[in-house]
Amino acid sequence: MVRVNVELDLPTGVELLGYERCGEGHGFEVKFPFPDFCRCDKCGHEEPANYEYKKTVYAVRDLDLWGQPSFLIFQPCFHRCAHCGHRQEHLAPFKRKDVMYTYRFEEHVLRMLIGSNEEEVGGRLGISAETVSLIVENQLQDDKQIDPARVIKHMGMDEISLKKRHKLYVTLMTDLTDPNSPKVLAVAKGRDTAAAEQCLGKLTPEQRAAVETHRVDMGKVYGPVGKKWLVNSRLVVDRFHVAKQFNDVVDDLRKKNHAEVQGGLVESRAEAVPRADVGIPSRPERFEAGGARGLGASVCRRARVEGRV
Ligand SMILES: [Zn+2]
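Residues numbered from 1 in each chain as written. Predicted model: local features only at pLDDT ≥ 70, side-chain atom pairs only at ≥ 80, totals over all residues.

Engineer: I'd like a description of the overall build of the chain, backed by residues and values.
Structural biologist: Broken down by element type, the chain carries 10 helices and 16 strands. Across the chain, every contact between residues at least 6 apart in sequence was considered, and the portion connecting residues at least 24 apart equals 58%. (Helix = DSSP H or I, 4+ residues; strand = E, 2+ residues; numbered from the N terminus. Contact = placed C-beta atoms within 7 Å.)

What follows is the structure, given as structure tokens:
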């Protein structure tokens, strides 16, 4: 028998009580602090907390562990107001109300959308495209605050888009200082200079001066904005963006080649054109956001084999 020791990266304030393997997923039973006093949402009455548990558990989707989904599991807890009888849930600190996924799962979804779309991301995570859209909308509505003490040496500016119902472009600003745990710092609607400046404006002048490198997509907007706002920072060409551009070029070439071949042949024959004829795969390997960029978002910080026991 060999013991594998896993160091988990749990949300702040969260304590691990137990672990349960559930099929292809991992369940972590957790607890989080409860305040001693509660203020009623309905009547405003404040009193010592009077908690009751619901006879069910919540399984809240969190980051993956070794490529498999993990869930934070806990029993929801409610305070009953002695004054008006209103029952209100004591919300877990790691997720928003009425959803069953953590804030950091939301950020993971945002980062996966870079160079991808809501169907692909939803498919890869086992959630619906609608949920992906909802996550983006919710993240846009949050007014994320950046800790002024946070030191950001490396950052990324990227655009993501939602295409399904209405075309929505969003700018993401990410702290890439720790490549294993990229942190979405700001989210703004649009992919123009104003959106980029809205993100950068959330940093203090000291924080902006401390940035050493920034990675931006190959569009025309983020580069000049970065140059103006991040005066000590060097622009880094991002493998991810090169890969995406490459994919686009390959796509164009493929379409062109197919069109030419199809001109002289019946369509069914053209579909069977050997790869060698066109010089590129008929289905190029699409770039995987996780692989090329190193999303690094995992609940597992480190795993170590401890030796025989
Ligand atoms: Zn009340």
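Now that the structure is up, let's keep going.
Engineer: Help me get a handle on the nonpolar core, residues and values and all.
Structural biologist: By size, the foremost hydrophobic cluster in this structure holds 49 residues, and its most contacted members are Leu72, Val109, Leu110 and Met173. There are two domains that each give this core at least three residues, and those are domain 1 (2-89) and domain 2 (103-240). Among residues more than four places away in sequence, those in contact with Leu72 are Phe28, Val30, Val60, Asp62, Phe94 and Thr102. (Core = buried A, V, L, I, M, F, W, Y, C linked by C-beta atoms within 7 Å. Buried ≥ 20, exposed ≤ 12 C-beta atoms within 10 Å, placed from the backbone. Domains from an automatic or database assignment.)

Engineer: Can you break down helix H6 (residues 222-229) residue by residue, with the values?
Structural biologist: Taken residue by residue, H6 has Tyr222, Val225 and Gly226 as its buried positions. On an axial view of H6, the arc spanned by its buried residues comes to 100 degrees, and they lie on one face. The outward face of H6, more than 90 degrees from its buried face, is lined by the exposed residues Pro224 and Lys228. (Arc of directions from axis to C-beta.)

Engineer: Give me the sheet that holds strand S2 (residues 15-22): which residues, what numbers.
Structural biologist: Judged by pairing direction, the sheet is mixed, and its four strands sit side by side in the order S2-S3-S8-S7 without closing on themselves. Each of the sheet's edge strands pairs with one partner strand only, and the pair in question is S2 and strand S7 (58-65). Neighbour-to-neighbour, the strand axes of the sheet open up by a mean angle of 30 degrees, direction not taken into account. In this sheet, strand S8 (residues 68-74) lies alongside strand S3 (residues 25-31) in parallel orientation, the contact comprising four bridges. Bridge pairing in S8 links Phe28 to Leu72. (Pairing = 2+ DSSP bridges. Axes fitted to C-alpha atoms, helices over the stretch in contact; angles between N-to-C directions.)

Engineer: Before we move on, could you go through the environment of Lys189 and cite the residues and values that matter?
Structural biologist: Along the chain, Lys189 falls in strand S13 (residues 183-189). On the basis of neighbour counts, which here come to 15 C-beta atoms within 10 Å, the residue Lys189 falls in the partly exposed class. C-alpha separation for the pair Lys189 and Leu140, spaced 49 residues apart in sequence, amounts to 6.9 Å. With sequence-adjacent residues up to four places away left out, Lys189 is seen in contact with Leu140, Val170 and Ala195.

Engineer: Any chance you could break down unusual backbone geometry for me, citing the residues and the numbers?
Structural biologist: One non-glycine residue with positive phi stands out, namely Trp66, at about 50 degrees. Looking at where Trp66 falls in the secondary structure, it is placed in the loop between S7 and S8. A residue is classified by how many C-beta atoms lie within 10 Å of it, and Trp66, with 11 of them, is exposed. Of note, the phi angle at Asp98 is positive, near 65 degrees, even though the residue is not glycine. Of note, Asp98 is situated in the loop between strand S10 (87-89) and helix H1 (103-112). For Asp98, a count of 8 C-beta atoms within 10 Å gives the class exposed.

Engineer: How would you sum up the sheet that holds strand S9 (residues 77-80)? Please name residues and give values.
Structural biologist: In spatial order, the strands read S6-S9-S10; together these three strands make up an open sheet with antiparallel pairing. Each of the sheet's edge strands pairs with one partner strand only, and the pair in question is strand S6 (51-53) and S10. Averaged over neighbouring strand pairs, the angle between their axes works out to 35 degrees when direction is ignored.

Engineer: Give a description of the packing of H1 against helix H3 (residues 129-141) that names residues and reports values.
Structural biologist: Where H1 meets H3, the axes come as close as 10 Å, and the angle between the chain directions of the two elements is 105 degrees. Between H1 and H3, the interaxial angle falls into the category roughly perpendicular. Taken together, the residues of H3 that come into contact with H1 (itself represented by Glu106, Val109 and Leu110) are Val132, Ile135, Val136, Asn138 and Gln139. (Parallel < 35°, antiparallel > 145°, perpendicular 65-115°, else oblique.)

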